[in-house]
Amino acid sequence: MTVPALEADALGKRFGRRSWALRDCSFRLPAGRVCAVVGPNGAGKSTLLALAAGLLAPTEGTVRVLGAAPAAVRPRVGFVDQDKPLYQQLTVAETLRMGADLNPGHWDADTARRVVAGGDLDPDRRIRALSGGQRTRVALALALGKRPELLLLDEPMADLDPLARHELMGVLMGEAAAHGTTIVMSSHVVAELEDSCDHLLLVGGGRIRLSGEIDDLLAAHTRVTAPATADLAPHDVVESRTTGRQLGALIRPAGPLPADWRTGEPSLEDLVLSYLRNPMAPALTPAPETTEAAA
Ligand SMILES: Nc1ncnc2c1ncn2[C@@H]1O[C@H](COP(=O)(O)OP(=O)(O)OP(=O)(O)O)[C@@H](O)[C@H]1O
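Residues numbered from 1 in each chain as written. Predicted model: local features only at pLDDT ≥ 70, side-chain atom pairs only at ≥ 80, totals over all residues.

Asker: Just give me the short version of the overall build of the protein, but keep the residues and values in it.
Answerer: Along its length, the protein carries nine helices and 13 strands. In terms of overall dimensions, the protein is globule-like: its C-alpha atoms have a radius of gyration of 21 Å, near the 19 Å expected for 295 residues. With the C-alpha coordinates aligned to their principal axes, the bounding extent of the protein is approximately 70 × 40 × 40 Å. Each of the 295 residues in the protein was classed as buried or not, and the buried ones make up 38%. The contacts of the protein with a sequence gap of at least 6 include a subset with a gap of at least 24, amounting to 71%. (Helix = DSSP H or I, 4+ residues; strand = E, 2+ residues; numbered from the N terminus. Rg over C-alpha atoms; globule rule 2.2 N^0.38 Å. Buried ≥ 20, exposed ≤ 12 C-beta atoms within 10 Å, placed from the backbone. Contact = placed C-beta atoms within 7 Å.)

Asker: How would you explain the environment of Leu160 if you had to name every residue and give the values?
Answerer: Topologically, Leu160 is positioned in the loop between β6 (150-154) and α5 (162-179). For Leu160, the contacting residues outside a window of four places in its chain are Gly133, Thr136, Arg165 and Leu168.

Asker: Describe the site of the ligand, naming the residues involved and giving the relevant values.
Answerer: All residues adjacent to the ligand are Phe15, Ser19, Ala21, Gly39, Asn41, Gly42, Ala43, Gly44, Lys45, Ser46 and Thr47. Mapped onto the shell around the ligand, the elements with two or more residues apiece are β2 (19-29) and α1 (45-52). Counting residues per element, the shell around the ligand draws most heavily on α1, which supplies three residues. Grouping the constituent residues of the shell around the ligand by class yields three nonpolar, seven polar and one charged. (Near = placed C-beta within 6 Å. Nonpolar A, V, L, I, M, F, W, Y, C, P; charged D, E, K, R; others polar.)

Asker: Give a detailed account of the domain arrangement of the protein, specifying residues and quantitative values.
Answerer: Each assigned domain of the protein is listed here: domain 1 (6-213) and domain 2 (215-281). Domain 1 and domain 2 are separated by 33 Å when their C-alpha centres are compared. Contact residues are listed per partner, giving 14 residues for domain 1 and ten residues for domain 2. Residue contributions to the side of domain 1 that touches domain 2 peak at four residues, all from strand β9 (residues 207-213). (Domains from an automatic or database assignment.)

Asker: Any chance you could break down α1 for me, citing the residues and the numbers?
Answerer: Within α1, seven of the eight residues are buried, which leaves the element mostly enclosed by the surrounding structure. When α1 is considered as a whole, its buried residues turn out to be Lys45, Thr47, Leu48, Leu49, Ala50, Leu51 and Ala52. A positive phi of about 80 degrees marks Gly54, the residue just after α1.

Asker: Let's hear about the sheet that holds strand β1 (residues 6-15): which residues, and what values?
Answerer: Across a sheet, strands are paired by hydrogen bonds formed along the backbone, either parallel or antiparallel in direction. Sheet architecture is open: three strands sit in the order β2-β1-β4, paired in antiparallel fashion. Each edge of the sheet is formed by a strand with only one pairing partner; in this case those strands are β2 and β4 (60-65). Recorded for the sheet is a direction-independent mean angle of 25 degrees between the axes of neighbouring strands. Pairing geometry for β1 and β4, over five bridges, is antiparallel. Bridging across to β4, Asp9 finds its partner in Thr62. (Pairing = 2+ DSSP bridges. Axes fitted to C-alpha atoms, helices over the stretch in contact; angles between N-to-C directions.)

Asker: Could you give an account of the nonpolar core, with specific residues and numbers?
Answerer: The nonpolar side chains of a soluble globular protein tend to be buried, and buried together. Counting residues in each nonpolar core, the largest one holds 71 residues, and the members touching the most others are Cys35, Val37, Ala52, Ala141, Leu152, Val184 and Leu200. In terms of residues, this core owes the most to one element, helix α4 (residues 132-145), which gives seven residues. Lining this core are residues from two domains, each supplying at least three of them: domain 1 (6-213) and domain 2 (215-281). Look past the residues within four positions of Ala52 in its chain and what remains in contact with it is Leu6, Val63, Val65, Pro70 and Leu152. (Core = buried A, V, L, I, M, F, W, Y, C linked by C-beta atoms within 7 Å.)

Asker: An account of the pairing of strand β3 (residues 34-38) is requested, with residue identities and associated values reported.
Answerer: For β3, the buried fraction is high: five of the five residues fall into the buried class. One ladder, built from four bridges, connects β3 with strand β7 (residues 182-186); its direction is parallel. Counterpart to Val37 in the pairing with β7 is Ser186. The pairing of β3 with strand β8 (residues 199-204) spans four bridges and is classified as parallel. The partner of Cys35 across the bridge, within β8, is His199.

Asker: I'd like to hear about the sheet that holds β6, residue by residue, with values.
Answerer: In spatial order, the strands read β5-β6-β7-β3-β8-β9; together these six strands make up an open sheet with mixed pairing. What marks the edges here is a single partner per strand, and that holds for β5 (77-80) and β9. When strand polarity is set aside, the average angle formed by the axes of neighbouring strands in this sheet is 10 degrees. Judged from the five bridges that link them, β6 and β7 form a sheet pairing that is parallel. By the bridge assignment for β7, Leu151 is matched with Ile183.

Asker: Give me the lowdown on the pairing of β8, citing residues and values where you can.
Answerer: Within β8, six of the six residues are buried, which leaves the element mostly enclosed by the surrounding structure. The alternating pattern of β8 places His199, Leu201 and Val203 on one face and Leu200, Leu202 and Gly204 on the opposite face, and all of these are buried. Sheet topology note: the β8/β9 ladder contains six bridges and is antiparallel. Along β9, the bridge assignment pairs Leu201 with Ser211. Taking the residues that link successive antiparallel strands as the turn, the β8-β9 hairpin has two residues, and the phi of Gly205 there is positive, at about 55 degrees.

And the structure:
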């Protein structure tokens, strides 16, 4: 069996005495996947990534990264925090040199230089003089230069312009394809993730609400239009709305659907938005054994 890139078992993190940022999170991410982590503000995405990066310790449960405790595999993991912490007084070139010094034997200078060059950045410019998006580019260059097996990115595209997003997404996908790098990336822009990600973790209220391969998750759901009197009861209902004599719903069918219902597969954005609009919708997180068998 291949070792999963990321594996959480009943993982929980509490800040202070009562406030749980994450609770009872169990999932398994096979190696080599590009995984989107989505969820509303305050859902627990950054907390989850910081736990995986070993920057926070779990309050309960476990998280294993590349088959080991996060702290034990730090050299094999790249992490770009939402705040992109960099040394403000260093220049761009000095920052990349620091990357090379900190990662002897596995520093990919070409990739790091290419990421920086794509932004037309002056290598002698100090970090403190860069814009937010330019800083993101340097942070991504540092993380990619490390040639990590797992790359954890907390909203990496948030302050990039559309062209830079497109270009850097291409660089990330190129890395994943060329080196089998597992990428876990939180984002609020779901439409952008549809073409690049193959795995989804939807976090809400500190819990995992959806986890799995995106194709499987989409195939498990059906958007239906039925007569207003239709009985949805045997199915798991994510959301439903009646307008006049018609009922529109997103369901997880529990069996064959009546022939007079119109049906279609949702898009990823439709699926995610439906779950976000309906925090009480039943979760779909395959049992770890199932994921393991599929892997
Ligand atoms: N250091 C901390 N101390 C206390 N509470 C915290 C801390 N970090 C996060 N939290 C709380 O944990 C919860 C989850 O926060 P987290 O930053 O993980 O959410 P998020 O999904 O990344 O949100 P966003 O999309 O806004 O970035 C929130 O209620 C937040 O207030």
